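Observations on the model geometry
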Amino acid sequence: MTALITRDELKAAIDAGTVTVVDALGGDYHAKRHLPGAIALVREDVDRLAPALLPDLDAAIVTYCSNPACPNSGQVADRLTALGYTDVRKYREGIEDWTDAGLPTESG
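Anyway, here's the lowdown on the structure attached to this text. It should be emphasised that the depicted structure is a prediction, and the values quoted were computed from it without experimental measurement. (Residues numbered from 1 in each chain as written. Predicted model: local features only at pLDDT ≥ 70, side-chain atom pairs only at ≥ 80, totals over all residues. Heavy atoms only, no water.)

1. Quick notes on the sheet that holds strand 1 (residues 3-4)
Pairing between sheet strands relies on hydrogen bonds along the backbone, with the strands arranged either parallel or antiparallel. Using the following cut-off: Here a strand pair is declared whenever DSSP counts at least two bridges between the two strands. Helix and strand assignments come from DSSP, with helices taken as H or I runs of at least 4 residues and strands as E runs of at least 2, each series counted from the N terminus.
One open sheet accounts for five strands, arranged 1-5-4-2-3; its pairing is parallel. Single-partner strands in this sheet number two, and they are strand 1 and strand 3 (39-40). Pairing analysis gives two bridges linking strand 1 to strand 5 (residues 87-91), with the strands arranged parallel. From the neighbouring strand, Leu 4 faces strand 5, where its bridge partner is Lys 90.

Listed below in structure tokens is the structure:
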């Protein structure tokens, strides 16, 4: 099971530039709104795109999707771990929690 990260821990890591954030919703959802600096990577593309997007197997990575009911972030995190990534955590509460707290997002 993937370790979890809290909103406050994730915000601190984003602010410090010590984490790569992965938006497991991808597509139009990512284009409309995502956490600061997040890259889009959906489950079906992990095997093909992760080596180029996430070249450091030991880098701190956090996946997220919309909310605790959304399975995407866990699926992406599990696949990254299976591929040998050693520091993968999941922001279970997702972008809904992030925006409800008034934290900034990006688009495009």
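2. Considering the pattern of salt bridges
Oppositely charged side chains can form a pair if their charged atoms are brought close together. The test is simple: When a carboxyl oxygen of Asp or Glu lies within 4 Å of a side-chain nitrogen of Lys or Arg, that pair is called a salt bridge. Burial classes follow relative accessibility: with a 1.4 Å probe on protein chains only, a residue under 20% of its type's maximum area counts as buried, one over 50% as exposed, and anything between as partly exposed.
Applying the stated rule across the entire model yields five salt bridges. When the shortest N-O distance is used, the salt bridge between Asp 47 and Arg 79 registers 2.7 Å. Within this pair, whereas Asp 47 is found in helix 3 (residues 46-53), its partner Arg 79 is found in helix 4 (residues 72-82), the two being separated by 32 residues in sequence. Under the relative-accessibility criterion, Arg 79 is labelled partly exposed at 23%. For Arg 92, the salt bridge goes to Glu 93, with nearest N and O atoms at 3.6 Å. Of the residues examined, Arg 92 reaches a relative accessible area of 37% and is grouped as partly exposed.

3. Observations concerning the nonpolar core
We count it as follows: What is meant by a nonpolar core is a set of buried Ala, Val, Leu, Ile, Met, Phe, Trp, Tyr and Cys residues, joined one to another through side-chain atoms within 4.5 Å. It only takes one pair of heavy atoms within 4.5 Å for two residues to be counted as in contact.
Leu 10, Val 19, Val 21, Leu 35 and Tyr 91 are the most contacted members of the largest nonpolar core, which has 15 residues in total. Looking at this core, the elements that each hand over two or more residues are helix 1 (7-16), strand 4 (60-64) and helix 5 (94-100). The residues touching Tyr 91, leaving out its near neighbours within four places in the chain, are Ile 5, Thr 6, Arg 7, Leu 10, Leu 35, Val 62, Thr 63, Tyr 64, Asp 97 and Trp 98. Core analysis: the next-biggest nonpolar cluster, separate from the first, contains 12 residues, Leu 41, Ala 50, Leu 80 and Val 88 among them.

4. Quick look at the side chain of Lys 90
Under the convention used in this document: Charge counting treats Lys and Arg as positive and Asp and Glu as negative, with His and both chain ends excluded.
Note on placement: Lys 90 falls in strand 5. One buried charged residue, Lys 90, forms no salt bridge at all, with the nearest opposite charge on Asp 78 at 7.2 Å. Discounting chain neighbours no more than four positions away, the residues touching Lys 90 are Thr 2, Ala 3, Leu 4, Ile 5, Val 62, Thr 63, Ser 73 and Gly 74.

5. Description of the packing of helix 3 against helix 4
Put simply, the rule is: Note on geometry: axes are C-alpha line fits, over the in-contact stretch for helices, and angles between N-to-C directions span 0 to 180 degrees. Note on angle classes: values under 35 degrees are labelled roughly parallel, values over 145 roughly antiparallel, values of 65 to 115 roughly perpendicular, and the remainder oblique. Here a crossing is taken to be left-handed if its near helix is turned anticlockwise relative to the far helix by less than a right angle, and right-handed if that turn runs clockwise. Any residue outside Ala, Val, Leu, Ile, Met, Phe, Trp, Tyr, Cys, Pro, Asp, Glu, Lys and Arg is labelled polar, Gly included; the first ten of those are nonpolar and the last four are charged.
For the pair helix 3 and helix 4, interaxial distance at closest approach is 11 Å and the crossing angle is 70°. With respect to their mutual orientation, helix 3 and helix 4 come out roughly perpendicular. In this structure, the crossing between helix 3 and helix 4 has a hand that is right-handed. Counting all contacts with helix 3, which are made through Val 46, Asp 47 and Ala 50, the residues of helix 4 involved are Val 76, Arg 79 and Leu 80. Looking at the contact of helix 3 with helix 4, its residues break down into four nonpolar, no polar and two charged.

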